[in-house]
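Residue-level structural notes
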Amino acid sequence: MTIIKHELKQNRISLTVWTVAIGFLLAICIFLFPEMKGEMDGVSDMFASMGSFTAAFGMDKISFGTLTGFYAIECGNILGLGGAFFAALCAVSSLSKEEKEHTAEFLLTHPVSRMRIITEKLVSVMIEIAVMNLSVFIISVLSIIAVGEDIPWKEILLLHLAYFILQAEIAGICFGLSAFLRKGSIGTGLGIATVMYFINIIANLTDSAKFLKYITPFGYAEGSDIVSNLSLNGKLVAAGIIFGLAGIIIGYIKYCKKDIS
């Protein structure tokens, strides 16, 4: 537990900043909805006629005139990308920073196994992601109540669950990658999250690229699909969990055998 507490204390400012930033942007979007609701039907019609652009973001399946449709697209993109970046940044530096900051010399001289070190670091990353998501969910619900709209509980819960799984998957992949890095790489983590996002856009553009949704976590966190189907795609979620677990297992194997400089 000592390593977990240390990691959480060390990353508390980053966690606070990301949570406040994402929560603030979500709240702003929700507070803008009542003012824009009357004009959204026209916006929906306009987007529906934009061909490939409409399909790329799933705007042909839902209406911007409803809170669920507006939330799925506008708030979903904020939480999806913002959460993915946060998860990637937390995980990709978790193990590599010990060598980058030369703290491995201190940490590994203690009577603590590498298995315990990597486990507690992984737990700390997942706690940070869970805290951020829970805080953002509460902010979203309170914002919806504040603007006087009915809370679409099932849709909101499914959306936030999907984004939590998405972030956990990206964290797992980046955590495994962190075991191979010696100097840390914020750019690598952000790059992975960004590539995953654009792979999903490509998958939305053509049926021949639909298989790409099994590669990217954004495939099962597509807000328009979740709202229109009122469920998550079990096959895509299962594939995402497998990728995340594979990243974590590879990280364990590599770090336990790694020659720490």
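In short, a report on the structure. (Residues numbered from 1 in each chain as written. Predicted model: local features only at pLDDT ≥ 70, side-chain atom pairs only at ≥ 80, totals over all residues. Heavy atoms only, no water.)

**Considering the overall build of the protein chain**
If you tally the helices and strands in the protein chain, you get 12 helices and zero strands. For the protein chain, the sequential pattern of α-helices and β-strands runs α-α-α-α-α-α-α-α-α-α-α-α. Each of the 261 residues in the protein chain was classed as buried or not, and the buried ones make up 50%. In the protein chain, 77% of the contacts between residues at least 6 apart in sequence involve partners at least 24 apart. Carbon together with sulfur atoms contributes 69% to the accessible area of the protein chain, which is approximately 12300 Å² in total. (Helix = DSSP H or I, 4+ residues; strand = E, 2+ residues; numbered from the N terminus. Buried < 20%, exposed > 50% of the residue type's maximum accessible area, 1.4 Å probe, protein only. Contact = heavy atoms within 4.5 Å. Areas by Shrake-Rupley, 256 points an atom, 1.4 Å probe, with all protein chains shown as cover.)

**Overview of the environment of Arg-12**
Along the chain, Arg-12 turns up in helix α2 (residues 12–36). Judged by its relative accessible area of 46%, Arg-12 falls in the partly exposed class. Separated by 116 residues in the primary sequence, Arg-12 and Glu-128 have C-alpha atoms spaced 8.6 Å apart. In this structure the side chain of Arg-12 is engaged in a polar contact, spanning 2.5 Å, whose partner is the backbone oxygen of Lys-9. (Polar contact = N/O pair within 3.5 Å; in protein donor to acceptor, adjacent residues only side chain to side chain.)

**Comments concerning unusual backbone geometry**
The residue Leu-230 is not glycine, and still its phi comes out positive at about 55°. Mapped onto the elements, Leu-230 comes out in the loop between α11 (223–229) and α12 (234–257). Leu-230 sits in the partly exposed class, given a relative accessible area of 33%.

**Quick word on the packing of helix α8 (residues 114–146) against α12**
Put simply, α8 and α12 touch, their axes get as near as 9 Å, and they point 145° apart. The hand of the α8/α12 crossing is right-handed. In contact with Arg-114, Met-115, Ile-117, Ile-118, Thr-119, Leu-122 and Met-126 of α8, α12 contributes Ile-248, Gly-251, Tyr-252, Tyr-255, Cys-256 and Lys-257. When its residues are assigned to classes, the contact of α8 with α12 shows nine nonpolar, two polar and two charged. (Axes fitted to C-alpha atoms, helices over the stretch in contact; angles between N-to-C directions. Left-handed = near helix turned anticlockwise from the far one by under 90°. Nonpolar A, V, L, I, M, F, W, Y, C, P; charged D, E, K, R; others polar.)

**What to know about a nonpolar patch on the surface**
On the surface, a nonpolar cluster with roughly 530 Å² of combined accessible area is contributed by Val-20, Phe-24, Leu-25, Ile-28, Leu-32 and Met-36. Relative to the elements of secondary structure, Phe-24 occurs in helix α2. (Patch = residues over 30% accessible without salt bridge, like charges linked within 9 Å, V, L, I, M, F, W, Y side chains within 5 Å. Salt bridge = Lys/Arg side-chain N within 4 Å of Asp/Glu carboxyl O.)

**A closer look at the packing of aromatic side chains**
In the structure shown here, the tally under the stated rule is four aromatic pairs. Ring geometry for Phe-33 and Phe-70: centres 5.3 Å apart, planes at 45°, overall tilted. Taken together, the residues Phe-33 in helix α2 and Phe-70 in helix α5 (residues 67–92) connect sequence positions 37 residues apart. Judged by its relative accessible area of 1%, Phe-33 is buried. Judged by centre distance (5.5 Å) and plane angle (85°), the ring pair of Tyr-197 and Phe-198 falls under edge-to-face. On the accessibility criterion, Phe-198 (47% relative accessible area) is partly exposed. Among the aromatic side chains, those forming a connected cluster through ring pairs are Tyr-197, Phe-198 and Phe-218. (Phe/Tyr/Trp six-rings, centres within 6.5 Å; stacked < 30°, edge-to-face > 60°.)

**Quick look at the pattern of salt bridges**
If you walk through the whole model with that rule in mind, you get three salt bridges. Residue Glu-7 is joined to Lys-121 by a salt bridge in which the shortest nitrogen-to-oxygen separation is 2.9 Å. Within this pair, whereas Glu-7 is found in helix α1 (residues 2–10), its partner Lys-121 is found in helix α8, the two being separated by 114 residues in sequence. This pair shows no difference in class: Glu-7 is buried, exactly as Lys-121 is.

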